[in-house]
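Per-entry structural report
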Amino acid sequence: MADSLEGYYPAIEEKALEENTMKLASVDGVKILFIKQKNKIYVIDNRCPHQACGFSGGKLDDEFIVCPCHDWRFNLESGEYEAKPFYKLKFYEYKIVSGKIYVKLDD
Ligand code: FES
């Protein structure tokens, strides 16, 4: 039997996400940012944990995403802002089924 997609919402096609790019999508009204870096996909809340600026206007720098508002650099693996790890990215769980990325939103 296929994996259950209960609680998951269809988002974007996996192939729409190219290496070293990010793509913003609205998933059930929530702004979600999809990132592909070093062949890995990260799915995060588009709002920066500092003052809620949109990461989609920022840039990728190796294993970091850099917020456009105050240039804080967040590590994509740990989610932590390098200077104050208390500030962390919010990651969403996802599954890829038949080439489409599905995101699990909070209840
Ligand atoms: S809002 Fe992102 S670093 Fe300040």
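For the structure given in this document, a descriptive report is provided here.

About the criteria used
Residues numbered from 1 in each chain as written. Predicted model: local features only at pLDDT ≥ 70, side-chain atom pairs only at ≥ 80, totals over all residues. Helix = DSSP H or I, 4+ residues; strand = E, 2+ residues; numbered from the N terminus. Rg over C-alpha atoms; globule rule 2.2 N^0.38 Å. Buried ≥ 20, exposed ≤ 12 C-beta atoms within 10 Å, placed from the backbone. Contact = placed C-beta atoms within 7 Å. Pairing = 2+ DSSP bridges. Axes fitted to C-alpha atoms, helices over the stretch in contact; angles between N-to-C directions. Core = buried A, V, L, I, M, F, W, Y, C linked by C-beta atoms within 7 Å.

Looking now at the overall build of the protein. From N to C terminus, the protein includes zero helices and nine strands. From first element to last, N terminus to C terminus, the protein shows the α and β order β-β-β-β-β-β-β-β-β. For the protein, whose C-alpha radius of gyration is 14 Å, the value lies close to the compact-globule estimate of 13 Å for 107 residues. A principal-axis box enclosing the C-alpha atoms of the protein has dimensions of 45 × 30 × 20 Å. Out of the 107 residues in the protein, the part that is buried amounts to 22%. Put simply, of all contacts in the protein between residues at least 6 apart along the chain, 39% involve residues at least 24 apart.

Turning our eyes to something else, we now look at the pairing of strand 9 (residues 100-104). In this structure, strand 1 (residues 8-13) lies alongside strand 9, joined through four bridges in antiparallel fashion. Each residue of the ladder has a partner; that of Y8, found in strand 9, is K104. Here strand 8 (residues 94-97) hands over to strand 9 after two residues, with S98 in that stretch at a positive phi of 50°.

This next bit is on the environment of F91. Position of F91 relative to the elements: it lies in the loop between strand 7 (73-75) and strand 8. A C-alpha to C-alpha distance of 10 Å links F91 and F34, two positions 57 residues apart in sequence. If we ignore the near neighbours within four places in the chain, the residues touching F91 are Y42, V43, I44 and G79.

Now for the sheet that holds strand 5 (residues 59-61). Across the sheet, three strands lie side by side as 5-6-7; this open sheet has antiparallel pairing. The sheet is open, and its two borders are formed by strand 5 and strand 7, each paired with just one other strand. This sheet shows a mean twist of 30° between the axes of neighbouring strands, independent of strand direction. Taken together, the three bridges between strand 6 (residues 64-66) and strand 7 define a ladder with antiparallel strand orientation.

Now for the nonpolar core. I32, L33, F34, V43, I44 and V103 are the most contacted members of the largest nonpolar core, which totals 22 residues. The biggest single contributor to this core is strand 3 (residues 30-37), with four residues. Residue contacts for F34: discarding those within four places in its chain leaves I12, L17, M22, K23, A25, I41, V43 and I101.

Functional significance is not addressed by these values, which are geometric in nature.
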